[in-house]
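Listed below, chain by chain, are the residues.
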Amino acid sequence: MLFELANEDLGYDGDAVLHGISIGISKGERVALVGESGAGKSTLLSVLQDRYGGNTALIPQQAGLVRSLSVFHNVYMGSLHRHGAAYNLLNLAWPQKAEVARVRPIVERLGLGDKLFVPTGELSGGQQQRTAIARAILQGGDAVLGDEPVSAADNHQSRVILAALSETFTTVVLAMHDVDLALEFSTRIVGIKDGGIALDAPAAELTRSGLDFLYRK
Amino acid sequence: MNRLKHLVFGAALAFSAMGLPAQQVLAETFVFTAIPDENEARLRERFDKVAVYLTKTLGVETKYIPVKSYAAAVTAFRNNQVQLGWFGGLSGVRARHLVPGSEAIAQGFEDQAFETYFIVHASTGLKPSADFPAAIAGKTFTFGSKGSTSGRLMPEYYVRQNFKAAPNRIFTKVGFSGNHSKTIALVQSGAYQVGAVNFKVWENELKAGKIDPKKVSVVWKTPPYPDYQWTIRGDVETRWKAGFKAKVREALLNMKDPDLLASFPRKSFIPASNSDYKPILDVAKLIDLIS
Amino acid sequence: MSSPQALSANLRRGYSPVVKTSLIFVAVAAVCLFFADISITTLDPWSEMGRMAQGVLAPDFTAVAGIGMIIVQTIAFALCGVALGAVGGFLLAQIFHIGPVRWTCAAVRAIHELFWALIFLQMLGLTPLTGVLAIAIPYAGICAKVYAETLEEAELPALPALPFGTGIISSFFFARLPDVWVHIKNYTAYRFECGLRSSAVLGFVGLPTLGFYLETAFGEGNYSEAAALLIIFYVLIATLRLWMRPKLIGLYVLVAPFLLGGGAAIDMRNIARFLTVDIVPAPLRNGSLGAGKTWSNLADWAGMLLFDQALPGMVATLLLSQIALVATGILALALFPLISEKFFGRLPRLLGHVFLVVLRSTPEFILAYIFLQLWGPSMLPAIVALALHNGAIIGHLVGRFSDQVRLRPDSPRGLNLYGFEILPRIYGQFLAFLFYRWEVIMRETAILGILGIATLGFYVDSSLADIRLDRVMFLIAIMVIFNVAVDALSRHIRSRLRLSTQTGQA
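The text that follows walks through the structure, step by step, so that each part is easy to find. None of the values given here were measured: they were computed from a predicted structure. (Residues numbered from 1 in each chain as written. Chains lettered and ligands numbered in written order. Predicted model: local features only at pLDDT ≥ 70, side-chain atom pairs only at ≥ 80, totals over all residues. Heavy atoms only, no water.)

Details of the overall build of chain B
Reasoning step 1: Broken down by element type, chain B carries twelve helices and eleven strands.
Reasoning step 2: Along the three orthogonal principal directions, the C-alpha set of chain B runs to about 70 × 60 × 40 Å.
Reasoning step 3: When the 291 residues of chain B are sorted by exposure, 59% land in the buried category.
Reasoning step 4: Carbon and sulfur atoms form 56% of the exposed surface of chain B, whose accessible area is close to 11,400 Å².
Reasoning step 5: Between the averaged position of the 38 positive side-chain charges in chain B and that of its 25 negative side-chain charges there is a distance of 7 Å. (Helix = DSSP H or I, 4+ residues; strand = E, 2+ residues; numbered from the N terminus. Buried < 20%, exposed > 50% of the residue type's maximum accessible area, 1.4 Å probe, protein only. Areas by Shrake-Rupley, 256 points an atom, 1.4 Å probe, with all protein chains shown as cover. Lys, Arg positive; Asp, Glu negative; His and termini not counted. Charge placed at Lys NZ, Arg CZ, Asp CG, Glu CD.)

Here it is in structure tokens:
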């Protein structure tokens, strides 16, 4: 098991949002978390990140970028742990060829090739989101945890992004609002409702209408 | 990104700047200063000439540095950043008190019997008198610099002696003009009704036509006391050579250029010793300016 | 100004806390005014003022030998001092949460640059380092506080997304600093402008900056020369943005240390003597520590300083600064429309800007010095100087703020616009700026004592003239406590009235 929670109450500052959560995610799974906004998907993701952050990349909901830094720098942040402080600072001031060469193909694949040295504060919401994804891809690792990573992308882009993520990471856990996309992309769907896990099944066994109950009052 | 480049750069530069030895050490230059008792331009002109004279006579590069206060002159002497000072009676006593081994080596001929003039604005209606003018009580009064002998120490001494009280109890307002030229200007303008001024500066400015006798005049002259002198540090003997002190003294005593002497203004320079200034030290202790 | 009775009647009628506080301050200032000496003592101030005006109208740029070098050195001291202060402040900001660091910074910035210069003159003499440290040390204390607050308030969205195992240095420079960098940069640029003023003033104690020559020129009545020096200084500050290019800062900072001029060598023995002998209270230095007499002498010594010097000095400082504070406020409210879009067109606003730049670029110390020459010694020159300088600064900030006010299309004009539409909307912001400035006014008031006004600085200067450094340090320590207390009071009032400013530049 890569991630495992057994009958736990999850929430911020002792204020539990989710109750009695038991879930195990093993290597190689592609999990989509679905449910109404505010159901607790983000809570679950952040708990997993806290517990198992060691070799896991994170794509936060608001992209989590440094707006005054360029796309290159924001993506490069995914590799800060691989280098010493001096080399990192060197790249902050003067991006090194080797690092640009590492970052560029990832960024190009996500359609940001012409924005490499543009401050992320000047980008659209979707472009910022893809910058955060590029950062996670450069970071790599066993797994990626993504909080609505394709919320601002169109259908085509979403597929490019999801393909890129599943190529890089053997295990993918994403909160998603687009149910069709979730069914298409993931191997397993976890539905959250009323402070608990209301559904946990292989994607192949589910249909779109079978998920509707998650969004009903 | 560019901005951060400047940050990294700037920080590195600022650190390197810290370690920079920005001072050029003028190890072998003999440096002197003088208390700023008059207008700076005049002092600079006078002492730059003295520096040229000493450089020639001593055969050692000599330089004058101007300072902004009496205390700064004494501090520079104490910290060995100047080795020779043209001090007043009080500042000289202070300097020698703070630097053991230092010595008064020469004074102006007139400094054996120096005087302070009490001057008044015409609106006071006060007339010159031989006795201490008790009528100055209740007026506004300005000293010169806080550290001056003729502008502070001696006048304060006579005020205390005659009124048996501190100046701020006698006068409605007590000020410190900063130097003698300013004291004259302030009393002449009426900013203060009474002032205490170095008699040499008074006579010099009178001669130069800077004083309007209709507006300001002398009411009383103090009894004579010793004042200005050249004081030298004891360790110049090791820093230059043995006998250097005597050489400096000789050079000062042999200063004969009438223009140079007139700029002080002094008739000539004569030998002096620390003991000549015992009366000044006693008065300073009496009114608690030296403890 | 209304009578105290009228004021207290108003207070009872339940005004808003903001208005109440304002009225209390005005009432306190009115009472202070009653005790303060604000006479003009020169019999004919107008003739001197006329000569000064002539000088201003006919500035003599050729009179000052090496005028360029004076300016260059003034900038060099400011650059070195502010660069060191900013870097030091930046490092301190990282550990600002530690109590003693915070207290030290508060104490360090409560001491005016001129006092720092006077202290370092004792240890280092007239050397460039004296001037640089005199600026760098208090500025480090100020910058540490502002930087720390900025860093603390920053949202740091990228921090949680950093890979596990990222070092603190890397995460600081990538994910923490860039978000606050613009604010820090702007604040540091503002500090540099302050540094130029501080550098200019340091000339008054003998460093080779603008003040040195200004004092000579004013003292000797060479007003044409003084005017030339001041005009160059104004142009320098007004064009700061043109020559202080981000790309050139590195070069400037690199070159500046070499332009500070020479000086005597620094002798470690002088530093050691200052720290171990000079500042030890005289009774302890001269007596044996075992003797009871020594300790009773020490008590007498401290009592004498406290009651004969510190207390009267504090009373005068308080009187003067309270009057100056209210005068500053009134002036700021009168001046801000000059640069506000709501009141004037482009050209009059430009003139207004020039006027305010001149007033706020002239350090209070220099203004007070000029007015002292004109009007003779009393509190008046100090009050006017403080009010003009600080009033122009706050007027500038309030004016800019007033441009953000949105008016309805049928809003009134002229005085009605001022009284009914603008004033109520800017008043809270105005008070916040004013209270931020309170501590600064207090510190400046103390330093004006050096010019002969009997505030705390006067007694410090007197002890310095007697080379009694133990007394100097004792009085400065009291001044620190006094200043920190005022700062705390100002913070308390601001938080009670819920006033805040975004700029922190007041």
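Once you've had a look at it, read on.
Overview of the sheet that holds strand β1 (residues 30–34) of chain B
Two orientations exist for strands paired in a sheet by backbone hydrogen bonds: parallel and antiparallel.
All names here are of chain B.
Reasoning step 1: Strand order in the open sheet formed by six strands is β2-β1-β3-β10-β4-β11, with mixed pairing between adjacent strands. With one partner strand each, in any of the chains shown, β2 (62–64) and β11 (269–271) form the two edges of the open sheet. This sheet shows a mean twist of 25 degrees between the axes of neighbouring strands, independent of strand direction. (Pairing = 2+ DSSP bridges. Axes fitted to C-alpha atoms, helices over the stretch in contact; angles between N-to-C directions.)

Comments concerning the environment of Q107 of chain B
All names here are of chain B.
Reasoning step 1: If you trace the backbone, Q107 turns up in strand β4 (residues 103–108).
Reasoning step 2: A C-alpha to C-alpha distance of 5.5 Å links Q107 and F269, two positions 162 residues apart in sequence.
Reasoning step 3: Here Q107 is in contact with Q112, Y228, Q229, S268, F269, I270, P271, A272, D276 and Y277, once residues within four sequence places are set aside.
Reasoning step 4: At 2.9 Å, the side chain of Q107 and the side chain of Y277 are in polar contact. (Contact = heavy atoms within 4.5 Å. Polar contact = N/O pair within 3.5 Å; in protein donor to acceptor, adjacent residues only side chain to side chain.)

What about helix α6 (residues 155–168) of chain A?
Residues and elements named next belong to chain A.
Reasoning step 1: Its 14 residues place the ends of α6 20 Å apart at the C-alpha level, agreeing with the 20 Å of an ideal helix rising 1.5 Å per residue.
Reasoning step 2: Of the residues making up α6, those classed as buried are S158, I161, L162, A164 and L165. For α6, the angular spread of the buried residues around the axis is 160 degrees, confining them to a single face. Of the exposed residues in α6, the ones pointing more than 90 degrees away from its buried face are H156 and E167.
Reasoning step 3: Buried residues in α6 make contact with β4 (56–59), α4 (97–109), α5 (125–139), β5 (143–147), β6 (171–175) and α7 (179–185).
Reasoning step 4: The N-cap residue of α6 is D154: its side-chain oxygen and the backbone nitrogen of H156 are 3.2 Å apart. (Expected span 1.5 Å × (residues − 1). Arc of directions from axis to C-beta.)

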